[in-house]
Amino acid sequence: MKKVITYGTFDYFHYGHFMLLKRAADLGDSLIVGLSSDEFNTKKNKQSLLSFDKRKEVLESFNFIDLIITENSWEQKIGDIKNHNIDILFMGSDWSMKFDYLKKYCDIVYVPRTPKISTSLIKKIL
Ligand code: C2G
């Protein structure tokens, strides 16, 4: 049973987010998503347009996501990996190498971001 985890804000959910989550799900048997809280977004210098509950509602509609947990801090990943027996931490390439310190706890996979789409781009258009 290969368990995958990924983290993100997933604001104004778009195809890039979908492709990230789909690839994460396809890599294992179960997928956990750490969804950034509104408070943690502030720490990430991100002002999400949609509240945590709305962003969670979108993710809950995907049957390939087995569990959604709240991401409240940078430090919680080690605990999450241990508590959920995670085999793979899966992130987009904008995070490349940033989580290599977790290599002693699980495999780290970075995948190319989906080009030409991002929440900031959508915000500009809106
Ligand atoms: N992503 C992608 N392609 C895009 C946009 C985003 O592959 N066009 C990926 C990002 O690389 C990330 C995930 O989708 O892995 C979620 O992106 P965000 O919601 O922007 O998440 P972020 O703010 O990067 O939060 O502790 C980790 C952070 O919480 C990650």
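Bear in mind that the values here come from a model prediction, so they are computed numbers and not experimental data. (Residues numbered from 1 in each chain as written. Predicted model: local features only at pLDDT ≥ 70, side-chain atom pairs only at ≥ 80, totals over all residues. Heavy atoms only, no water.)

A.B. asks: If you had to explain the overall build of the protein chain to someone new, which residues and values would you point to?
C.D. replies: In terms of helices and strands, the protein chain carries five helices and five strands. When the helices and strands of the protein chain are read in sequence order from the N terminus, they spell out β-α-β-α-α-β-α-β-β-α. For the C-alpha atoms alone, the extent of the protein chain along its principal axes is close to 40 × 25 × 25 Å. Taken across its 126 residues, the protein chain has 45% of its residues classed as buried. A separation of at least 24 residues holds for 65% of the contacts in the protein chain among residues at least 6 apart in sequence. Positive and negative side-chain charges of the protein chain, numbering 19 and 16 respectively, have mean locations separated by a distance of 6 Å. (Helix = DSSP H or I, 4+ residues; strand = E, 2+ residues; numbered from the N terminus. Buried < 20%, exposed > 50% of the residue type's maximum accessible area, 1.4 Å probe, protein only. Contact = heavy atoms within 4.5 Å. Lys, Arg positive; Asp, Glu negative; His and termini not counted. Charge placed at Lys NZ, Arg CZ, Asp CG, Glu CD.)

A.B. asks: How would you summarise the pattern of salt bridges if you had to cite specific residues and measurements?
C.D. replies: Under the defined criterion, the tally for this structure stands at six salt bridges. The partner of Lys22 in a salt bridge is Asp26, with the nearest N and O atoms 3.0 Å apart. Residue Lys22 and its partner Asp26 are located together in helix 1 (residues 15–27), separated by four residues, close to a single helical turn. Lys22 sits in the partly exposed class, given a relative accessible area of 28%. The exposed category is assigned to Asp26, whose relative accessible area is 56%. Asp38 is paired through a salt bridge with Arg55; the nearest N and O atoms lie 2.7 Å apart. Taken as a pair, Asp38 in helix 2 (residues 38–43) and Arg55 in helix 3 (residues 52–60) lie far apart in primary sequence, 17 residues in all. Residue Asp38 is classed as partly exposed on the basis of its relative accessible area of 30%. (Salt bridge = Lys/Arg side-chain N within 4 Å of Asp/Glu carboxyl O.)

A.B. asks: Break down the sheet that holds strand 5 (residues 107–111) for me, citing the residues and quoting the values.
C.D. replies: Across the sheet, five strands lie side by side as 3-2-1-4-5; this open sheet has parallel pairing. This sheet does not close on itself; its edge strands, each paired only once, are strand 3 (67–71) and strand 5. Here the average twist between neighbouring strands, direction ignored, is 25°. Bridge count for strand 1 (residues 3–8) against strand 2 (residues 30–36) is six bridges, and the pairing is parallel. Bridging across to strand 2, Val4 finds its partner in Leu31. Relative to strand 2, helix 3 is tilted by about 165°, and along the sheet it contacts strand 2 and strand 3. Its contacts with the sheet put helix 4 (residues 76–83) on strand 1 and strand 3, and the angle it makes with strand 3 is roughly 155°. (Pairing = 2+ DSSP bridges. Axes fitted to C-alpha atoms, helices over the stretch in contact; angles between N-to-C directions.)

A.B. asks: So what's going on with the environment of Phe52? Which residues, and what values?
C.D. replies: Along the chain, Phe52 falls in helix 3. On the basis of relative accessibility, which here comes to 15%, the residue Phe52 falls in the buried class. In the structure, Phe52 is positioned 42 residues away from Phe10 in sequence and 9.4 Å away in space, judged by C-alpha atoms. Setting aside anything within four residues of it in sequence, one finds Phe52 in contact with Leu35, Ser36, Ser37, Asp38 and Thr70.

All we've got here are geometric facts, nothing functional implied.
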